[in-house]
Amino acid sequence: MTAFLITLRKAVVAMAAIAAAFFVVTAGAGAANASGVYAEIKFAPGTDHGTVDGYINRGYSDIWTLEARAGQQMTIEIISHYTSASGTALVALTAPNGQLYPTDTTVSQFRLPATGRYHLTITSAQNDASYTMNVRIV
């Protein structure tokens, strides 16, 4: 029975590793078309901005992360590619300390309160949504 449990444990660990590989994505300043993306926005060398494209299914969120410093200004532009209100992508900024900054406009600006990793969470109210997000930090 012990050999069986060891084999079973190895199989579970291997399955967990495979599942993690499907859900953890590292993307450059490019596209990620999936539901439930967790990826880093990377700016091209020498630039202050990055662009990502995505598609979210209803009930899922895409989370994009990036590093920034206290006092910098972040501008977020979200462009929904569907015109119906229910297929509109929405973005919320979460600071390193967990403070949430929801947005309700297509372009938002924030003076960043802390140095660390910020999270940009993309959701859609009711339906699937396709989007382009432009992020600039100065």
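What counts and what doesn't
Throughout this document, residue positions are counted from 1 along each chain, in the order its sequence is written. This being a predicted model, a pLDDT of at least 70 is required before a residue's local features are given, and a value of 80 or more before pairs of side-chain atoms are given or counted; all residues contribute to the totals for chains, interfaces and linings. Hydrogens and water are ignored here; the side-chain numbers use all heavy atoms of the structure. By definition, two strands form a pair when at least two bridges between them are found by DSSP. Only DSSP runs of H or I with at least four residues qualify as helices, and only runs of E with at least two residues qualify as strands; both kinds are numbered from the N terminus onward. Lines fitted to the C-alpha atoms define the axes, with helices restricted to the stretch that makes contact. Angles between their N-to-C directions range from 0 to 180 degrees. A simple rule labels every residue: compare its accessible area, found with a 1.4 Å probe on the protein chains alone, to the largest value its type can have, and call it buried under 20%, exposed over 50%, or partly exposed in between. Any N or O atom pair separated by 3.5 Å or less is treated as a polar contact, with the protein-specific requirement of one donor-capable and one acceptor-capable atom, and with residues adjacent in sequence counted only for side-chain atom pairs. Basic side-chain nitrogens of Lys or Arg form a salt bridge, by our definition, when they fall within 4 Å of a carboxyl oxygen of Asp or Glu. The predictor attaches a confidence to each residue, and that confidence, scored 0 to 100, is pLDDT. Contacts were defined at the residue level, with two residues in contact if any of their heavy atoms lie within 4.5 Å. Buried Ala, Val, Leu, Ile, Met, Phe, Trp, Tyr and Cys residues that are joined via side-chain atoms within 4.5 Å together make up what is termed a nonpolar core.

**Focus: the sheet that holds strand β9 (residues 116–124)**
Then comes step 1: Strand order across the open sheet formed by five strands is β2-β4-β9-β6-β7, with mixed pairing between neighbours. The sheet terminates laterally at β2 (38–40) and β7 (100–102), the two strands that pair on one side only. Going across the sheet, the axis of each strand differs from the next one's by a mean of 25°, ignoring polarity.
Then comes step 2: Note that strand β6 (residues 89–94) and β7 share three bridges and pair antiparallel. Bridge assignment links Leu93 to a residue of β7, and that residue is Tyr101.

**Things to note about the environment of Thr105**
Then comes step 1: In this structure, Thr105 sits in the loop between β7 and β8 (107–111).
Then comes step 2: Given a relative accessible area of 40%, Thr105 falls into the partly exposed group.
Then comes step 3: Each C-alpha atom of the pair Thr105 and Ile78 lies 8.3 Å from the other, and the pair is 27 residues apart in sequence.
Then comes step 4: Here the side chain of Thr105 touches Val107 through a polar contact of 2.8 Å, landing on its backbone oxygen.
Then comes step 5: At a separation of 3.2 Å, a polar atom in the side chain of Thr105 contacts the side chain of Ser108.

**Structural notes on the pattern of salt bridges**
Then comes step 1: Enumeration over the complete set of coordinates arrives at three salt bridges.
Then comes step 2: Taking the shortest distance from any N to any O, the salt bridge between Asp48 and Arg136 comes out at 2.7 Å. Of this pair, Asp48 sits in the loop between β2 and β3 (49–56) while Arg136 is found in strand β10 (residues 129–137), placing the two residues 88 residues apart along the sequence.
Then comes step 3: On the basis of relative accessibility, which here comes to 24%, the residue Asp48 falls in the partly exposed class.
Then comes step 4: Through salt bridges with shared partners, one network takes in Glu40, Glu67 and Arg117.

**Observations regarding the confidence of the model for the protein chain**
Then comes step 1: Considering every residue of the protein chain, the mean pLDDT works out to 78; 71% of them sit at 70 or more.
Then comes step 2: At the level of individual helices and strands, the protein chain shows its lowest average pLDDT in helix α1 (residues 2–23), which scores 44, and its highest in strand β4 (residues 62–68), which scores 96.
Then comes step 3: Residue range residues 11–34 is modelled with pLDDT below 50. Its contacts to residues more than four positions away, or to other chains, number 30 contacts.

**Observations regarding the nonpolar core**
One recurring pattern in soluble globular proteins is that nonpolar side chains are buried together.
Then comes step 1: Trp64, Leu66, Met74, Leu93, Leu120, Ile122 and Met133 are the most contacted members of the largest nonpolar core, which has 26 residues in total.
Then comes step 2: Broken down by secondary-structure element, the contributors of at least two residues to this core are β3, β4, β5 (73–80), β6, β9 and β10.
Then comes step 3: Among the elements that line this core, the one with the most residues is β10, at five residues.

**Observations regarding the side chain of Thr132**
Then comes step 1: Considering the arrangement of structural elements, one finds Thr132 in strand β10.
Then comes step 2: Separated by 2.5 Å, the side chains of Thr132 and Asp53 make a polar contact.
Then comes step 3: Those residues within four positions of Thr132 in sequence are excluded, and the remaining contacts are Thr51, Val52, Asp53, Glu77, Ile78, Ile79 and His81.

**With respect to the pairing of β10**
Then comes step 1: Along β10, seven of the nine residues are buried, which leaves the element largely enclosed by surrounding structure.
Then comes step 2: With eight bridges joining them, β3 and β10 adopt antiparallel strand pairing. Bridged to Tyr55 within β10 is Ser130.
Then comes step 3: Bridging between β5 and β10 involves seven bridges; their strand directions are antiparallel.

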